[in-house]
Amino acid sequence: AQKITQTQPGMFVQEKEAVTLDCTYDTSDPSYGLFWYKQPSSGEMIFLIYQGSYDQQNATEGRYSLNFQKARKSANLVISASQLGDSAMYFCAMRSTSGTYKYIFGTGTRLKVLA
Amino acid sequence: DAGITQSPRHKVTETGTPVTLRCHQTENHRYMYWYRQDPGHGLRLIHYSYGVKDTDKGEVSDGYSVSRSKTEDFLLTLESATSSQTSVYFCAISYSTSGGTDTQYFGPGTRLTVL
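Residues numbered from 1 in each chain as written. Chains lettered and ligands numbered in written order. Predicted model: local features only at pLDDT ≥ 70, side-chain atom pairs only at ≥ 80, totals over all residues. Heavy atoms only, no water.

*Asks:* What am I meant to see in the overall build of chain B here?
*Replies:* Looking only at helices and strands, chain B has zero helices and eleven strands in total. Projected onto the principal axes, the alpha-carbon positions of chain B cover approximately 45 × 30 × 25 Å. Expressed as a percentage of the 115 residues in chain B, the buried residues total 51%. Considering only contacts in chain B between residues 6 or more positions apart, those separated by 24 or more positions represent 54%. Carbon and sulfur atoms make up 46% of the accessible area of chain B, which totals about 5,400 Å². For chain B, the distance from the average position of its 11 positive side-chain charges to the average position of its 12 negative side-chain charges is 3 Å. (Helix = DSSP H or I, 4+ residues; strand = E, 2+ residues; numbered from the N terminus. Buried < 20%, exposed > 50% of the residue type's maximum accessible area, 1.4 Å probe, protein only. Contact = heavy atoms within 4.5 Å. Areas by Shrake-Rupley, 256 points an atom, 1.4 Å probe, with all protein chains shown as cover. Lys, Arg positive; Asp, Glu negative; His and termini not counted. Charge placed at Lys NZ, Arg CZ, Asp CG, Glu CD.)

See the structure below:
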């Protein structure tokens with residue numbers, strides 16, 4: 001069965017510092033995608049970044065990068081130069097790219113950026 | 001803009017009453033999903049659809065039914081609401097942007113309270 005684990009319920013980071021949010025996954029599918037979403041206090045779910053299991057390079061989107069370590073089955077989100085607006089809940093998710101189009105989500109990490 | 005709307009946005013109902021939530025998309029994307037979000041559980045898939053009249057169960061489908069008679073609408077019905085179904089419900093669609101992979105985009109959510 002597929003599973004996403006986020007072990008950090010909450011984290012603090014100082015403004016302008018970098019922070020890493022952990023995500024580990026378990027799947028037997030040979031092909032899959034990994035996603036990160038941000039949920040600010042207003043409640044909407046915002047797509048941040050995607051990594052395919054066969055992608056050779058780590059994905060980057062602006063200040064977001066995904067530290068993908070396939071052998072360790074980890075897909076950590078790195079936010080550089082944290083801003084107060086980065087304070088939010090962050091969810092890691094996975095989808096198999098062979099078979100169904102189901103997504104599974106982790107339980108999330110709440111990030112608080114301190115001024 | 002993914003063009004997803006949900007209605008109602010807030011609802012309070014009583015135990016035992018039927019409730020229907022509507023998800024509407026402005027484009028003709030094939031895949032649509034219903035999730036519920038509860039503290040400590042992240043997002044859990046209730047049902048999803050891969051076309052008109054084509055639906056499948058997610059991990060927490062008991063007590064819920066869905067229908068998709070048109071591409072743009074995906075309805076979630078609680079036949080007899082219970083207090084355990086108090087939650088925030090998110091609709092999502094999945095599609096690929098030009099040159100990209102299929103990614104899931106979310107509606108604004110519906111907050112349902114069952115008294």
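*Asks:* Mind showing me how you'd approach the nonpolar core here?
*Replies:* Side chains of a nonpolar character, in soluble globular proteins, are inclined to be buried together. In this structure, A:Ile4, A:Leu34, A:Trp36, A:Ile49, A:Leu77, A:Tyr90 and A:Leu111 are the most contacted members of the largest nonpolar core, which totals 25 residues. Looking at this core, the element that brings in the most residues is strand β10 (residues 88–96) of chain A, giving four residues. Apart from the residues within four sequence positions on either side, A:Leu34 is in contact with A:Ile4, A:Tyr25, A:Ile49, A:Tyr50, A:Gln51, A:Leu66, A:Phe68, A:Ala75, A:Ala93 and A:Met94. Among the nonpolar cores identified, the runner-up in size contains 21 residues, and B:Val60, B:Ala81, B:Cys91 and B:Tyr95 belong to it. (Core = buried A, V, L, I, M, F, W, Y, C linked by side-chain atoms within 4.5 Å.)

*Asks:* I keep staring at the environment of B:Phe106 and nothing clicks. Help me out?
*Replies:* Residues and elements named next belong to chain B. Here Phe106 lies in strand β10 (residues 102–106). By relative accessible area, which is 11% here, Phe106 ends up buried. Sequence separation between Phe106 and Met32 is 74 residues; the distance between their C-alpha atoms is 9.7 Å.

*Asks:* How should I be thinking about the packing of aromatic side chains in this particular structure?
*Replies:* The relation between two aromatic rings is expressed through the spacing of the ring centres and the mutual angle of the planes. All names here are of chain A. Taken as a whole and judged by the stated rule, the model has 20 aromatic pairs over all chains. Taken together, a centroid distance of 6.5 Å and an interplanar angle of 20° make the contact between Tyr25 and Phe68 stacked. With Tyr25 in strand β4 (residues 24–26) and Phe68 in strand β8 (residues 64–69), the pair connects residues that are 43 residues apart, well separated along the chain. Like Tyr25, the residue Phe68 is buried in the burial classification. Over the aromatic face of Tyr64 sits the side chain of Arg63, whose NZ or CZ is 5.8 Å from the ring centroid. The side chain of Arg95 reaches across the aromatic face of Tyr101, ending 4.9 Å from its centre. (Phe/Tyr/Trp six-rings, centres within 6.5 Å; stacked < 30°, edge-to-face > 60°. Lys NZ or Arg CZ within 6 Å of the ring centre and 35° of its normal.)

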